[in-house]
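# Structural overview
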Amino acid sequence: MAKLRAVRGTQDLLPEAWARHHHVEKTARRVAFLFNYRSVATPIFEFTDVFARTLGETSDVVTKEMYTFADKGGESLTLRPENTAGVARAFISGNLQQQLPLKYFYSGPMFRHERPQKGRLRQFHQIGIELLGVPVPAADIEVIQAGAHVLDALGVRDVTRLELNTLGDAESRTAYREALVAYFTCRQSELSEEGRSRLLRNPLRLLDSKDGRDRAISAEAPRYDDYLNAFSADFFAEVCEGLDTLGIAYRRNPRLVRGLDYYGHTAFEFVTDALGAQGAVIAGGRYDGLISTMGGPLTPGIGWAGGIERLAMLATDYPEAPPVVSLVPVGPAAEKAALPLADSLRRAGIAVDLGLSGNLKRRMQQANRIGAQLAVLLGDDEIAKGVATLRDMKDGAQREVPIDQLAAALTP
RNA sequence: GUGCCCAUAGCUCAGUCGGUUAGAGCGCCUGGUUGUGGUCCAGGAGGUCGCCGGUUCAAAUCCGGCUGGGCACCCCA
C-alpha cells in the first residue's frame, strides 16, 4: 500500500506549528477588536456563483483554481478561495444594510488549486477585516492602519513595507484603460505572448507583468495619474495624507493593480522580501462595486486579507506554552488516588499531565519530555501520610506537601 | 499548466572512480538505578538506498520513465 500522506498543498499543524499559527490569528483578532472589528465566520463553501460572479469570470482564481463540486442535489458548490465574497453574500443574505457601517474580522481556511511553493498552499489560512458602508478616505486609512498595527503586534513590521496605489473610480479607470489599450496595441509586436493575452483580457494587468519586454514597454506607458479625475485624485491624496499623519510609511507602486472590476480607489499590499517569491503578507483594497455586483444595495467596502502561514513564517517570536505539572502515581493505589487529585488540581486551574502508564522511571521520562517544571509523586508512602512528594525537575529538590495544600503549592 | 533542483535509518545528512557486510549525528530501546527524569557510562534495534525498467561481470552510484517533494514562472495571502 502506498504510504499515507496529506493531500498535495495541505499540511498538518502539529503542536508547535499550531502554536505559531494560533499566535498570528489571536494577535490579529485582538488588534482588530481594538479597532472595534467584530469576529464573524461565514461558511467554508458557497454556491459557485458567489465567487464566479464576484471575482471575475476571466480571473485565474475562477478559471482554474477553484475547488468546485456538485453536491447531492446537483447544485454547484465551491470551497471558498477567499472570504470577501462570503462576507458580502452574508451581508446581502442577512439584510444588514440598516446596520451600516459594519466592521468585521474573520479567520479561516481558504482553498485554491495552485502549484504549491514557498508560502503558497492549496489549503491556506487567512485573517482579514472588512469595513462596509463608509465611502470616504477615513475608512481606507483606518483599514490600512489596522493592518500596520497587526504587523507591529506580531513584531514583523520592520521586515515589511507598505505599497500603495489607486485604481481610481470607474470613470478614471475607463479612460485609463482606453489609453493603455491604445498605447500597447501600437507596440503589440514587442510584447511577450502572455503580455498580448493580458492586453486582450485585462490591460491593467500588463503593468505588473514580470516579463522583461513587457516591463520595458510599460515603463513608458501612460501614467494613471494623468487620467485620474479630480474626485479620484483628491480621494487618493486624502488617503496619503492620513497615512502621513499617522506616520505610516508607504511607497507608491503604480504596478500594484487589481484585476477585478469591482475594485476601485485604494489598493495596498504589505510585502516582504523574506519569504521568497510570495511577498504579500497582507493585501487589500476598496471594493465599492462588489455588493451591488452581487445584487445587493450599493454599498461601499474596503478590507484586507493576510496570509496566516506567511505571517507565521515571519513572526519568529511566539509565546511559550504555559507550564504543566506532571502527576506521577506509583502503584495501583496511587493510580486510583491520582484520578480525583488530578481532577481537583485542574479545577483549581492547574494544568496537569497525569502519567497514565509505565513504571516510575517511564513516567518520570514522560514528565521530562513534556518539559514539566514540577512533578508530583504519589505512592503508597505518601498516601499513608496524606502527602505528595513535590519534585523540582530542574534541580531535583524534593519536599513533601500535604495533599490539601497541593493546589496552593502549585499555584505560581 | 511550464521550467529547474531533489529523493539513502524515525529526523538531518555523508557515501570517493560503479566494486566486499551502506555509515554518522540526533532520536528510539535495554542496562548501570526493584520509588526517580534530565546529565554520564555500556550495549542494542532500526534500511527493498522512493518505484519500475535499462546499461554492466557488478548499480545507492550511470541512463530512461513514473511517483513524491522543494523552488521559480503564472497567480496570489
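Each remark here, short or long, concerns the structure printed above.
## Considerations on the sheet that holds strand S4 (residues 76–79)
On the basis of which strands lie adjacent, the open sheet formed by 3 strands has the order S2-S4-S3 and antiparallel pairing. Only two strands of the sheet have a single partner each, and these edge strands are strand S2 (45–47) and strand S3 (67–70). Sheet twist, expressed as the average angle between the axes of neighbouring strands with direction ignored, equals 30°. Note that S2 and S4 share 3 bridges and pair antiparallel.

## Examining unusual backbone geometry
In this structure, Pro 101 follows Leu 100 across a cis peptide bond, with omega equal to 0°. Topologically, Pro 101 is positioned in the loop between helix H4 (84–93) and strand S5 (102–111). Phi at Asn 36 is positive, roughly 65°, even though this residue is not glycine. Overall, the relative accessible area of 46% leaves Asn 36 in the partly exposed class. Within the chain, His 265 stands out as a residue other than glycine whose phi angle is a positive 55°. Here His 265 lies in strand S9 (residues 264–272).

## Quick word on the side chain of His 21
Tracing the backbone shows His 21 in helix H1 (residues 15–34). Leaving out residues up to four positions away in the same chain, His 21 has contacts with Leu 13, His 125, Ile 308 and Glu 309.

## A word on H4
For H4, every residue scored as buried is listed here: Thr 84, Ala 85, Gly 86, Val 87, Ala 88 and Phe 91. Of the residues flanking the end of H4, it is Asn 95, one or two places downstream, whose phi is positive at about 50°.

The rules behind each value
- Residues numbered from 1 in each chain as written.
- Chains lettered and ligands numbered in written order.
- Predicted model: local features only at pLDDT ≥ 70, side-chain atom pairs only at ≥ 80, totals over all residues.
- Heavy atoms only, no water.
- Pairing = 2+ DSSP bridges.
- Helix = DSSP H or I, 4+ residues; strand = E, 2+ residues; numbered from the N terminus.
- Axes fitted to C-alpha atoms, helices over the stretch in contact; angles between N-to-C directions.
- Buried < 20%, exposed > 50% of the residue type's maximum accessible area, 1.4 Å probe, protein only.
- Contact = heavy atoms within 4.5 Å.

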